[in-house]
Amino acid sequence: MKYTKDSLVGEVLDNDESLARYFLEMGMHCLGCPSSRGETIEQACEVHGADCARLLEQLNGTAL
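As the structure is a computational prediction, the values presented were derived from the model and not from experiment.

**Quick word on the overall build of the chain**
- In terms of helices and strands, the chain carries five helices and zero strands.
- In summary, the chain has a C-alpha radius of gyration of 10 Å against a globular reference of 11 Å for 64 residues, a match within 12%.
- Restricting the contact set of the chain to residue pairs at least 6 apart, pairs at least 24 apart contribute 49%.
- A total accessible area of about 3800 Å² is found for the chain, and carbon and sulfur atoms account for 51% of it.

**Quick notes on helix H4 (residues 41-48)**
- Of all the positions in H4, only Ile 41, Ala 44 and Cys 45 are classed as buried. Buried residues of H4, seen end-on, are gathered within an arc of 100 degrees and therefore sit on one face of the element. Opposite the buried face of H4, at more than 90 degrees from it, the exposed residues are Glu 46 and Val 47.
- Summarising the contacts, the buried residues of H4 are in contact with helix H1 (9-15), helix H2 (20-25) and helix H5 (52-59).
- Phi turns positive one or two residues past the end of H4, at Gly 49, with a value near 65 degrees.

**Considerations on the pattern of salt bridges**
- The tally for this structure, following the rule as stated, stands at three salt bridges.
- Among the salt bridges present, the one from Arg 54 reaches Glu 57, with a minimum N-O distance of 3.7 Å. Residue Arg 54 and its partner Glu 57 are both found in helix H5; the two are separated by three residues, about one turn of the helix.
- Residue classification places Glu 57 among the partly exposed residues on the basis of a relative accessible area of 34%.

What counts as what
Residues numbered from 1 in each chain as written. Predicted model: local features only at pLDDT ≥ 70, side-chain atom pairs only at ≥ 80, totals over all residues. Heavy atoms only, no water. Helix = DSSP H or I, 4+ residues; strand = E, 2+ residues; numbered from the N terminus. Rg over C-alpha atoms; globule rule 2.2 N^0.38 Å. Contact = heavy atoms within 4.5 Å. Areas by Shrake-Rupley, 256 points an atom, 1.4 Å probe, with all protein chains shown as cover. Buried < 20%, exposed > 50% of the residue type's maximum accessible area, 1.4 Å probe, protein only. Arc of directions from axis to C-beta. Salt bridge = Lys/Arg side-chain N within 4 Å of Asp/Glu carboxyl O.

So this is what it looks like as structure tokens:
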């Protein structure tokens, strides 16, 4: 599955729980919260001041 800025955090975690570490690294420690699971990756990055492009590289396994 390829993740985009419009993918929901909950979808990412439902698809592969091991990717939670990338959200935790950016400071998103509320992964079990219903509202956070309904956020898009872009929204989560905005709230937590994270680089959306970098997170997508990590989630999609394209980060160097």
